Amino acid sequence: MSGKRAVTYGELRDELLRAGAYETLPREALTEYVDCVYRKEVPFMMYGYSTKVFEDSGCQLLGRMLVETKLDHYAVRAKAVLSEILGSPDLMRRPTGLTVIDPFAGAGNLLYHVCQMRVSPASAFGPSDRVPVQGIGFELDAAVFDIAEQNFKSFGPDEVRPILHNADCLTADLSGVPPDDHVVVLVDPPWAESGYETGRMELAKTKPPVPDVIRSYCRKLAGHCRDHRLYFVIPCPLHTVVGDLFESLLYPLAPREIIEHTPAIRMLLMVGVARPELADSDS
């Protein structure tokens with residue numbers, strides 16, 4: 001790809017997801033994509049890095065990673081919303097630790113930002129007395145995993161560096177999650193085949209389906225689920241068909257927040273605590 005091209009977002013997206021899916025992108029390609037998507041109103045920012053710092057730090061992106069990731073324009077706002085929602089002292093009383101899990105990590109930008117939330121043992125998310133935070137990400141695509149893992153090595157010593165695994169999120173081993181931690185799971189599977197392109201996305205039709213992911217993690221983290229310490233965060237396009245699916249699996253913690261992902265895509269950010277009966281459910 002080269003700069004100064006007159007292309008639509010759809011054309012650029014298709015190019016990056018097909019011919020350029022596994023090509024390492026130069027700086028001008030990152031700028032071209034962001035200028036096209038955000039109409040030159042928002043600069044490229046990822047992991048808190050501008051394009052120059054991103055490149056100078058040795059970070060890279062494949063074509064599909066750029067299209068599929070949520071850049072800082074969204075991720076920073078999502079972190080702020082989650083800090084406010086989960087920061088209630090009545091919700092997380094004196095947590096000994098926080099584990100953030102992203103079953104579909106990709107480039108890991110949303111996971112990275114959520115892991116930077118500060119947790120206070122007195123009132124959950126606060127500015128002092130930080131309790132341990134760890135991030136765990138799963139990425140099935142080996143090429144994406146290799147790039148993301150390398151990118152994470154650029155993070156500073158004061159930042160939480162998530163641990164990535166090249167594994168299927170549904171069969172992944174979660175036995176290492178501390179039993180006393182509060183756990184936040186970011187459920188953001190690929191949108192393809194979900195009806196997204198038709199303007200009627202359905203959570204039950206993602207690959208894998210969102211309900212299957214929630215039920216699987218409730219069983220894997222049964223103790224956290226039974227003790228009301230397992231939270232799920234579901235980002236999805238505003239036009240997503242939710243129905244009663246969300247409330248049948250989770251207790252909503254706040255009104256569904258709307259955040260701009262791009263000028264053309266507004267996102268729901270749904271946050272809920274797992275229903276304890278799901279820990280023992282076989283369905």
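Residues numbered from 1 in each chain as written. Predicted model: local features only at pLDDT ≥ 70, side-chain atom pairs only at ≥ 80, totals over all residues. Heavy atoms only, no water.

### Focus on the overall build of the protein chain
Phase 1 of the analysis: Scanning the protein chain from N- to C-terminus turns up ten helices and eight strands.
Phase 2 of the analysis: Here the protein chain holds 283 residues, and the buried ones make up 52% of them.
Phase 3 of the analysis: Surface accessibility of the protein chain: about 12700 Å² in total, with carbon and sulfur atoms responsible for 50%. (Helix = DSSP H or I, 4+ residues; strand = E, 2+ residues; numbered from the N terminus. Buried < 20%, exposed > 50% of the residue type's maximum accessible area, 1.4 Å probe, protein only. Areas by Shrake-Rupley, 256 points an atom, 1.4 Å probe, with all protein chains shown as cover.)

### Overview of the pattern of salt bridges
Phase 1 of the analysis: Tallied over the full model, the rule gives ten salt bridges.
Phase 2 of the analysis: Across the salt bridge formed by Asp188 and Lys70, the nearest N and O atoms sit 2.5 Å from each other. With a gap of 118 residues between them, Asp188 in the loop between β4 (182-186) and α8 (210-220) and Lys70 in the loop between α4 (63-68) and α5 (72-86) connect regions that are remote in the sequence. For the pair shown, Asp188 and Lys70 are each scored as buried.
Phase 3 of the analysis: A salt bridge links Arg229 to Asp227; the shortest N-O distance between them is 3.0 Å.
Phase 4 of the analysis: Residue Arg229 is classed as buried on the basis of its relative accessible area of 13%.
Phase 5 of the analysis: Linked through salt bridges whose partners overlap, the residues forming this network are Arg64, Glu68 and Asp141. (Salt bridge = Lys/Arg side-chain N within 4 Å of Asp/Glu carboxyl O.)

### Looking at the packing of aromatic side chains
Phase 1 of the analysis: Under the counting rule described, the total for this entry stands at nine aromatic pairs.
Phase 2 of the analysis: Pairing Tyr47 with Phe54 gives two aromatic rings, centres 6.1 Å apart and planes at 15 degrees, and the pair type is stacked.
Phase 3 of the analysis: Assessed through its relative accessible area of 2%, Tyr47 is described here as buried.
Phase 4 of the analysis: Where Tyr47 meets Phe155, the ring centres are 5.2 Å apart and the plane angle is 70 degrees; that geometry is what we call edge-to-face. With Tyr47 in the loop between α2 (27-38) and α3 (51-56) and Phe155 in the loop between α7 (142-152) and β3 (163-165), this residue pair connects regions lying 108 residues apart in the sequence. Note on accessibility: Tyr47 and Phe155 belong to one class, buried.
Phase 5 of the analysis: Put simply, the rings of Phe44, Tyr47, Tyr49, Phe54, Tyr112, Phe152 and Phe155 touch in pairs and so form one group of aromatic residues. (Phe/Tyr/Trp six-rings, centres within 6.5 Å; stacked < 30°, edge-to-face > 60°.)

### Overview of the nonpolar core
Phase 1 of the analysis: Ranked by internal contacts, the top residues of the largest apolar core, which has 94 residues, are Tyr47, Ile101, Tyr217 and Phe232.
Phase 2 of the analysis: Among the elements that take part in this core, strand β8 (residues 265-274) stands out by supplying eight residues, more than any other.
Phase 3 of the analysis: What Phe232 contacts, discounting residues up to four positions off in sequence, is Val185, Val187, Ile214, Tyr217, Cys218, Leu250, Met270, Val271, Gly272 and Ala274. (Core = buried A, V, L, I, M, F, W, Y, C linked by side-chain atoms within 4.5 Å. Contact = heavy atoms within 4.5 Å.)

### Observations regarding α7
Phase 1 of the analysis: Looking only at α7, the buried set comprises Val144, Phe145, Ile147, Ala148, Asn151 and Phe152.
Phase 2 of the analysis: For α7, the secondary structure elements touched by its buried residues are α3, α4 and β3.
Phase 3 of the analysis: The backbone nitrogen of Ala143 has a side-chain oxygen 3.0 Å away, supplied by the residue at the start of α7, namely Asp141. (Polar contact = N/O pair within 3.5 Å; in protein donor to acceptor, adjacent residues only side chain to side chain.)

### Focus: the environment of Ala274
Phase 1 of the analysis: Structurally, the position occupied by Ala274 is in strand β8.
Phase 2 of the analysis: When the C-alpha positions of Ala274 and Phe232 are compared, they lie 7.0 Å apart, and in sequence the two are 42 residues distant.
Phase 3 of the analysis: Filtering out sequence-adjacent residues up to four positions away, Ala274 remains in contact with Cys218, Cys225, Leu230, Phe232, Leu249, Leu250 and Tyr251.

### So, the side chain of Thr240
Phase 1 of the analysis: Its place among the elements puts Thr240 in the loop between β5 (230-237) and α10 (245-249).
Phase 2 of the analysis: Engagement of the side chain of Thr240 in a polar contact is seen with the backbone oxygen of Pro237, the distance being 2.7 Å.

Coordinates in, geometry out; function isn't part of it.
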